[in-house]
Amino acid sequence: MSILETSPELRGLDPRPVAAPLRADAAPAAVRMPDPAAHRLLRAKKAYSTRFVAAAIEQDPAAFGLVTDPTRAPRPGDVVLARVVTIGQHRRLESPVSRRQILFEGDEIVVAYGSRYAADQFLAVLPEDLGPCHLAAAGGLASRVVDQHAAVKDATVIEPIGLLTTSGVGGGASVVATSGTVVNLAAYAPHPVRAAGSLSGNAARVPVIAVIGTSMNSGKSTTLACLAHGLTAAGLTVHAGKATGTGAGNDAHHFVDAGASHVLDFTDFGLPSTFGLPFEDVRDVFATMADVLASPVRPGAPAPGVVLIEIADGVYQGETGRLLVDDAFRSVVDRVVFAAGDALGASGGVAALRALGAEPSVVSGVLTASPLATAEARRALDVDVVPTYDLCLPAVAWAAAGLGDARLGAGHAVA
């Protein structure tokens, strides 16, 4: 059963056609890659989403093989060697170090399977087999586009050559691989996802601020980065993360550049994307990330003074809406900072958050680039509207984070 049948948001959509693919070279159903093929895998362009697997390939390319059964159903996070067939919207592939690699037709790339929810780009779902599909995100997502924004080009078409397999131990500390095991990002990730109820509770002892928005491109990442910069300038140790969305390195690098001393995103937990996963998995990723970020980076290091976590997309996105009312979120989040694209979105978003029991402490985001929109929002709201870049100022960031309280955690913003 596909996500198109199980998700209320997607039911009734018809998959978009895929362009006629190049023919794959004849290959047995399963092979261990000989030395020339290992060199071929080394030459393939690797995606940001696969960076931990890419490191293992660099260390021992001969440890990897391929399974090429076209009827095999991939799982989210399974890693695939694919050939670029037709260049479309994504002309570049983000590398493991976030360099934008120019793609050419015929290039071989290493990407991961998953689904995507991006209101400004693609709605894409996990393919049901290893047939032709799309490069649905520059961070390296093999997916099947079922709908798209009118302003974007058709997706780049890729032809899977085979799922990567391994018979040895890979690059991650949690890897225990057996002969012929299909390579999945989760096995190579530095942080395993744990059940929300089994965590240390560190996130309940450190101030945690969630940054949420009206939609994609409402200014969430910039708002979080400015808040991180301001709080760092105020003398706090800031840890930051992005808990949901589609894998890409730009937001994480933005947080690092803003001064956060420890930054994670969901790809550090073995996920190329969080859309289409069972909600329990999304909840556990958020809870695990909050717990890890609230912990010292290493034994003997101090705990952070504050944790900032971005939730992707908007309040009306399915996983986001459910997360806001879940106990795993409510038990650790002390403040909600809300990013909006315009005054009406800010007003409606604040009302929607309050209906969910999540009281925003500050409104910021793209709308504050316009003095007129900012003035409109201030007239309509009883919540402070703060220009995004003002959050870079220590006093403004401190107030927005609620750190003027004797103890931030004394009163959660969600109830």
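Please read these numbers as outputs of a predicted model, since none were measured by experiment.

Some points on the side chain of Thr-368
Structurally, the position occupied by Thr-368 is in the loop between strand E19 (360–364) and helix H11 (371–380). If we skip the residues at most four places from it in the chain, Thr-368 touches Thr-374, Val-385, Val-386, Pro-387 and Thr-388.

Description of a positive patch on the surface
A contiguous patch of positive charge, built from Arg-91, Arg-92, Arg-100 and Lys-153, is present on the exposed surface. Looking at the element boundaries, Arg-100 is found in strand E6 (residues 100–102). By relative accessible area, Arg-100 is classed as partly exposed at 39%.

Concerning the layout of surface pockets
Considered as a void within the structure, the largest pocket measures approximately 730 Å³ in volume. Together, 38 residues line the largest pocket, and Arg-116, Met-216, Lys-242, Thr-246 and Asp-251 are the ones closest to its centre. Secondary structure elements with two or more residues in the lining of the largest pocket: strand E5 (92–94), strand E8 (116–117), helix H5 (220–233), helix H6 (250–258), strand E17 (306–314) and helix H8 (318–324). Its residues placed into classes, the lining of the largest pocket shows ten nonpolar, 17 polar and eleven charged.

Section: the packing of aromatic side chains
Using the criterion set out here, one finds two aromatic pairs in the structure. Relative to Phe-329, the ring of Phe-286 has its centre 5.3 Å away and its plane inclined at 35°; by these criteria the two rings are tilted. Here the residue Phe-286 occupies a position in helix H7 (residues 279–293), and Phe-329 occupies one in helix H9 (residues 327–330), the gap between them amounting to 43 residues. Residue Phe-286 is classed as buried on the basis of its relative accessible area, which comes to 0%. When its relative accessible area of 0% is taken as the criterion, Phe-329 is described as buried. We note Arg-51 situated over the ring of Tyr-48; from NZ or CZ to the ring centre the distance is 4.2 Å.

A short note on the pairing of strand E12 (residues 156–166)
Burial analysis of E12 places eleven of its eleven residues in the buried class, the great majority of the element. Of the pairings in the sheet, the one linking strand E4 (residues 79–86) to E12 comprises six bridges and is antiparallel in character. Following the sheet pairing, Arg-83 is matched in E12 by Glu-159. Where strand E10 (residues 133–137) meets E12, three bridges bridge the pair, whose relative direction is antiparallel. Within E12, the residue paired with Leu-135 across the bridge is Thr-156. Of the strand pairs in this sheet, E12 and strand E13 (residues 181–182) are connected by two bridges, and their pairing is antiparallel. Across the sheet, Thr-166 pairs through a bridge with Thr-181, a residue of E13.

What about the environment of Ile-87?
Inspection of the secondary structure assignment puts Ile-87 in the loop between E4 and E5. You can call Ile-87 partly exposed: its relative accessible area is 21%. As for Ile-87 and Asp-154, which are separated by 67 residues in sequence, their C-alpha atoms are 8.9 Å apart. Discounting chain neighbours no more than four positions away, the residues touching Ile-87 are Leu-103, Phe-104, Glu-105 and Thr-156.

Re empty space enclosed by the protein
Any empty space left between atoms is shown by rolling a water-sized probe over those atoms. For the structure on display, the rule yields one cavity of 30 Å³ or more. By volume, the largest cavity is sized at about 40 Å³. Mapped onto the lining of the largest cavity, the elements with two or more residues apiece are helix H3 (51–59) and helix H4 (185–188). Split by residue class, the lining of the largest cavity holds five nonpolar, four polar and no charged.

Quick notes on the sheet that holds E19
Sheet strands line up and pair through hydrogen bonds in the backbone, either parallel or antiparallel. Overall, parallel pairing links the seven strands, which are arranged E16-E15-E17-E14-E18-E19-E20 in an open sheet. Either end of the sheet is taken by a strand with one partner, and the two such strands are strand E16 (262–265) and strand E20 (384–385). Here five bridges tie strand E14 (residues 208–213) to E17, and the two strands are oriented parallel to one another. In the strand pairing of E17, Ala-210 is matched with Ile-309. Where H5 meets the sheet, its contacts fall on E14, strand E15 (238–242), E17, strand E18 (335–339) and E19, and the angle it forms with E17 comes to roughly 170°.

Reading the values: rules and limits
- Residues numbered from 1 in each chain as written.
- Predicted model: local features only at pLDDT ≥ 70, side-chain atom pairs only at ≥ 80, totals over all residues.
- Heavy atoms only, no water.
- Helix = DSSP H or I, 4+ residues; strand = E, 2+ residues; numbered from the N terminus.
- Contact = heavy atoms within 4.5 Å.
- Patch = residues over 30% accessible without salt bridge, like charges linked within 9 Å, V, L, I, M, F, W, Y side chains within 5 Å.
- Areas by Shrake-Rupley, 256 points an atom, 1.4 Å probe, with all protein chains shown as cover.
- Salt bridge = Lys/Arg side-chain N within 4 Å of Asp/Glu carboxyl O.
- Lys, Arg positive; Asp, Glu negative; His and termini not counted.
- Charge placed at Lys NZ, Arg CZ, Asp CG, Glu CD.
- Buried < 20%, exposed > 50% of the residue type's maximum accessible area, 1.4 Å probe, protein only.
- 1 Å grid on protein atoms, 1.4 Å probe; cavity = no way out; pocket = protein on both sides within 12 Å on 5 of 7 lines; lining within 4 Å.
- Points joined across faces, edges and corners; volume = space filled by probe spheres on them.
- Nonpolar A, V, L, I, M, F, W, Y, C, P; charged D, E, K, R; others polar.
- Phe/Tyr/Trp six-rings, centres within 6.5 Å; stacked < 30°, edge-to-face > 60°.
- Lys NZ or Arg CZ within 6 Å of the ring centre and 35° of its normal.
- Pairing = 2+ DSSP bridges.
- Axes fitted to C-alpha atoms, helices over the stretch in contact; angles between N-to-C directions.

Everything listed here is a matter of coordinates, which is why it stays silent on function.
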